[in-house]
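Structural features, examined
Each chain, written out:
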Amino acid sequence: MKKNIVTLLLIIIILLSACRPRDSAGTEGTVSVLVYITGVVAGSPSYEMLAAGAEEFAAEHSNVTVKVYEAGYNQAEWEEQLMSMVAGGEYDLVLGSNPSLPEICASVSRSFPSQHFIITDAQYIGNPRISTYMFNQYEQALFLGYLAGLVTTGDMPLANASKRIGFIAAQEYPLLTGHIVPGFLDGARRTDPDIELDFRVIGNWSDASRAADLASGMINAGVDVFTSIAGSAAQGLVRTIAQRGAYAVFFNSNEYSRAPGLIIGCGSMEQKKLTKEIIADFLAGNIQFGSSRTIGVQDGYLNFIFNDPGFRDYVSADIQERFTVFMDDLHVGRIEYTVPPL
C-alpha cells in the first residue's frame, strides 16, 4: 500500500510539473533546451548544425542548458520518446528539425499544453505552442538544379549527350516530393527543357550499399550529374561516382572534399545561425508561436558555396560565369518561380 501511495504521489508531481505556467522567456531567466534529433546527428548536416548551434549558444550563455537527444530512425517511436522526454517538465523549449515533427509535437502538446516547440525545416500554423521555420528548399533545389543542367549540357569531361540528371533520396516525404524534386528539375530545365530527371528511392537513411547500386544503375542509364538527400547513405553515391566517373551537387553544407573534382557544387543552409537566433529570441520572448516563417536566399539563410577549390578549380569557366549570373539574379529577386503548395 505504501509503495502505491508513493507511486501515485510521483505521478501527481510529474503532472503538476508538466502543466506549470511557463512563458517564452523561460523560468527565472533560465532556459533549458531539448534538441530532439529525429535520427542521429552524425552524417546529417542539418542535424549537426542544429546541435552545434544550440550547444554553442549554451556555451556562450550561462543561463541556458542544452540536451541533445537522438531518437533514431524508427519514426513510429518518435512520438512516444518525445512524450517521455517532456513528461517531467524539465525543458522550457523543444527544438527540432524535420518536416514531420510538428504533427508529433501537436499530439504531444495535447498532453502537455504548456510545452513550447520550435521546429526548423518545417511548416505548421495554428498551434499556440508551436512555431516553425521553413527553409525555402524549392529555391535551393532550383539553383542546384540549374548548375546540374549547365553541367549535363556542357562540355566538362564526364558529361555525356544524354541530358539526364539523377536524384537519390532516402525516403519520400511531402517537402521532398512537393518542393525539392520539382525545384531541382525546374532549375535544370531552365538550361534546357529537354533534360530528364531519374529519381530513385533507397528506402532508408543508412543503406550506403543500396545507394551505390542505384547510382551505378543510373549511370548505366545515362545520368552524369547527381544530387542526393539520403543522410549517411549518400556515402554510397559518393563512392560510385568516384569509381564510375560522374558529377554531383549537394544540399545544405560543404561536401566538396568528399570527392574533389566530382562534387562540383554545394549549397549552404544557415541552420546553426538560425538555431542561435531562435534561442536568443525565445529568451527575449520574441517568438510568435502559432506561426510559420519561410526563409531563403534573400534572407541570408540559403546560399551557394563559391569559395572552394571544388567549384573554382574544376567547373569550367563558362559554366561558372553563367551560374554566378543566375545566383546574382536570385539574390536580388530577378528569378521568378512558383513554389507548389504542400
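Provided above is the structure to which this section pertains.
The present account deals with the structure reproduced in this document. (Residues numbered from 1 in each chain as written. Predicted model: local features only at pLDDT ≥ 70, side-chain atom pairs only at ≥ 80, totals over all residues. Heavy atoms only, no water.)

**A few points about the overall build of the protein**
The condition that has to hold: Counting from the N terminus, the helices are DSSP H or I runs at least four residues long and the strands are E runs at least two residues long. For a compact globule the rule gives 2.2 Å times the number of residues to the power 0.38, and the radius of gyration it is set against comes from C-alpha atoms. In this scheme, a residue with accessible area under 20% of its type's maximum is buried, one over 50% is exposed, and one in between is partly exposed, where area comes from a 1.4 Å probe on protein chains only. Pairs of residues are marked as contacts when any of their non-hydrogen atoms sit within 4.5 Å. Areas reported as accessible are Shrake-Rupley estimates using a 1.4 Å probe. Residue values count occlusion only from the protein chains shown. The positive count covers Lys and Arg only, the negative count covers Asp and Glu only, and His and the chain ends enter neither. Throughout, a charge is located at the NZ atom of Lys, the CZ atom of Arg, the CG atom of Asp or the CD atom of Glu.
When you go through the protein residue by residue, the secondary structure sums to eleven helices and twelve strands. A compact globule built from 342 residues would reach a C-alpha radius of gyration of about 20 Å, and the protein, at 22 Å, matches this within 12%. Summarising its shape, the C-alpha atoms of the protein cover approximately 80 × 40 × 35 Å along the three principal directions. Taken across its 342 residues, the protein has 54% of its residues classed as buried. Considering only residue pairs separated by 6 or more positions, the protein has 70% of its internal contacts joining residues 24 or more positions apart. Total accessible area on the protein is roughly 14,600 Å²; 51% of this is exposed by carbon and sulfur atoms. Both charge centroids of the protein, one from 23 positive and one from 37 negative side chains, sit 5 Å from each other.

**Structural notes on the packing of aromatic side chains**
Filter applied, for reference: Each Phe, Tyr or Trp ring, with Trp reduced to its six-membered ring, pairs with another whose centre is within 6.5 Å; inter-plane angles below 30 degrees give stacked pairs, above 60 give edge-to-face pairs, and intermediate values give tilted ones.
Per the counting criterion, the structure on display carries 15 aromatic pairs. Residues Phe304 and Phe311 carry aromatic rings whose centres are separated by 5.2 Å and whose planes lie at 75 degrees to one another, so their mutual orientation is edge-to-face. Pair check on accessibility: Phe304 and Phe311 agree, each one buried. Their ring planes at 70 degrees and their centres at 4.6 Å tell us that Phe304 and Phe323 sit as a pair that is edge-to-face. With a gap of 19 residues between them, Phe304 in strand β12 (residues 302–304) and Phe323 in helix α11 (residues 317–331) connect regions that are remote in the sequence. Among the residues examined, Phe304 registers a relative accessible area of 5% and is labelled buried. Taken together through their ring pairs, the aromatic side chains of Phe143, Phe304, Phe306, Phe311 and Phe323 make up a single cluster.

**Focus: the side chain of Asp121**
As a reminder of what qualifies: Each salt bridge in this description consists of a side-chain nitrogen of Lys or Arg and a carboxyl oxygen of Asp or Glu lying within 4 Å of one another.
Within the fold, Asp121 resides in the loop between β4 (116–120) and β5 (130–135). Among buried Asp, Glu, Lys and Arg side chains, Asp121 stands out as unpaired, with Arg293 the closest opposite charge at 13 Å. When neighbours within four sequence positions are excluded, Asp121 is seen to be in contact with Ser97, Asn98, Pro99, Tyr133, Met134, Phe135, Gln137 and Leu175.

**Overview of the pairing of strand β10 (residues 263–269)**
Selection criterion: Two strands form a pair only when DSSP identifies at least two bridges running between them.
Most of β10 is tucked away, with seven of its seven residues classed as buried. Relative to β10, strand β9 (residues 247–250) is paired through three bridges, and the arrangement is parallel. Note on β10: the bridge partner recorded for Phe250 is Cys266. Relative to β12, β10 runs antiparallel, the two sharing three bridges. When the bridges of β12 are listed, Gly267 appears paired with Phe304.

**What about the layout of surface pockets?**
Space left empty within the atom packing is revealed by a probe, the size of a water molecule, rolled over the atoms. Applicable threshold: The rule is simple: put a 1 Å grid over the protein atoms alone, call a set of points where a 1.4 Å probe fits but cannot get out a cavity, call an open set with protein on both sides within 12 Å along at least five of seven lines a pocket, and count a residue as lining if it has an atom within 4 Å of a point. Grid points are joined across faces, edges and corners, and a volume is the space filled by probe spheres set on the points. In this classification, Asp, Glu, Lys and Arg are treated as charged, Ala, Val, Leu, Ile, Met, Phe, Trp, Tyr, Cys and Pro as nonpolar, and every other residue, Gly included, as polar.
Approximately 850 Å³ is the volume attributed to the largest pocket. Considering the residues around the largest pocket, the lining is formed by 41 residues, among which Ser44, Ser46, Trp205, Ile229 and Gly231 are closest to the centre. Taken together, the elements giving at least two residues each to the lining of the largest pocket come down to α2 (45–60), α6 (174–189), β8 (225–229) and α8 (234–244). Considering each element in turn, the lining of the largest pocket owes the most residues, five residues, to α2. Grouping the constituent residues of the lining of the largest pocket by class yields 19 nonpolar, 17 polar and five charged. Considering only enclosed or pocket space, the second largest pocket measures out at about 160 Å³ in volume. For the lining of the second largest pocket, the elements supplying multiple residues, two or more each, are β5, α9 (271–284) and β11 (292–295). Residue contributions to the lining of the second largest pocket peak at four residues, all from α9. Partitioned by chemical class, the residues of the lining of the second largest pocket number five nonpolar, six polar and three charged.

**Side note on the sheet that holds strand β6 (residues 164–169)**
The strands making up a sheet associate through hydrogen bonds between their backbones, and the pairing can be parallel or antiparallel. Inclusion rule: Axes, fitted as lines to C-alpha atoms, cover a helix only where it is in contact. Angles between the N-to-C directions of the axes lie from 0 to 180 degrees.
Spatial ordering of the open sheet is given by β7-β6-β8-β9-β10-β12, a layout of six strands whose pairing is mixed. The open sheet has two edge strands with one neighbour each: β7 (196–201) and β12. Here the average twist between neighbouring strands, direction ignored, is 20 degrees. With respect to the sheet, α8 is in contact with β6, β8, β9 and β10, its orientation differing from that of β8 by roughly 165 degrees.

**Remarks on the packing of helix α5 (residues 137–152) against α11**
Cut-off, in case you're wondering: Angle categories are assigned with fixed cut-offs, so that under 35 degrees is roughly parallel, over 145 is roughly antiparallel, 65 to 115 is roughly perpendicular, and the rest are oblique. When the near helix sits turned anticlockwise from the far one by under a right angle, the crossing is termed left-handed; a clockwise turn instead gives a right-handed crossing.
The interhelical angle for the contact between α5 and α11, taken along N-to-C directions, is 160 degrees, at an axis separation of 10 Å. Here α11 runs roughly antiparallel to α5, going by the angle between their axes. The handedness of the crossing between α5 and α11 is right-handed. Taken together, the residues of α11 that come into contact with α5 (itself represented by Glu139, Leu142, Phe143, Tyr146, Leu147, Leu150 and Val151) are Ile319, Arg322, Phe323, Phe326, Met327 and Leu330. For the contact of α5 with α11, the residue count by class is eleven nonpolar, no polar and two charged.

None of this, on its own, says anything about what the molecule does.
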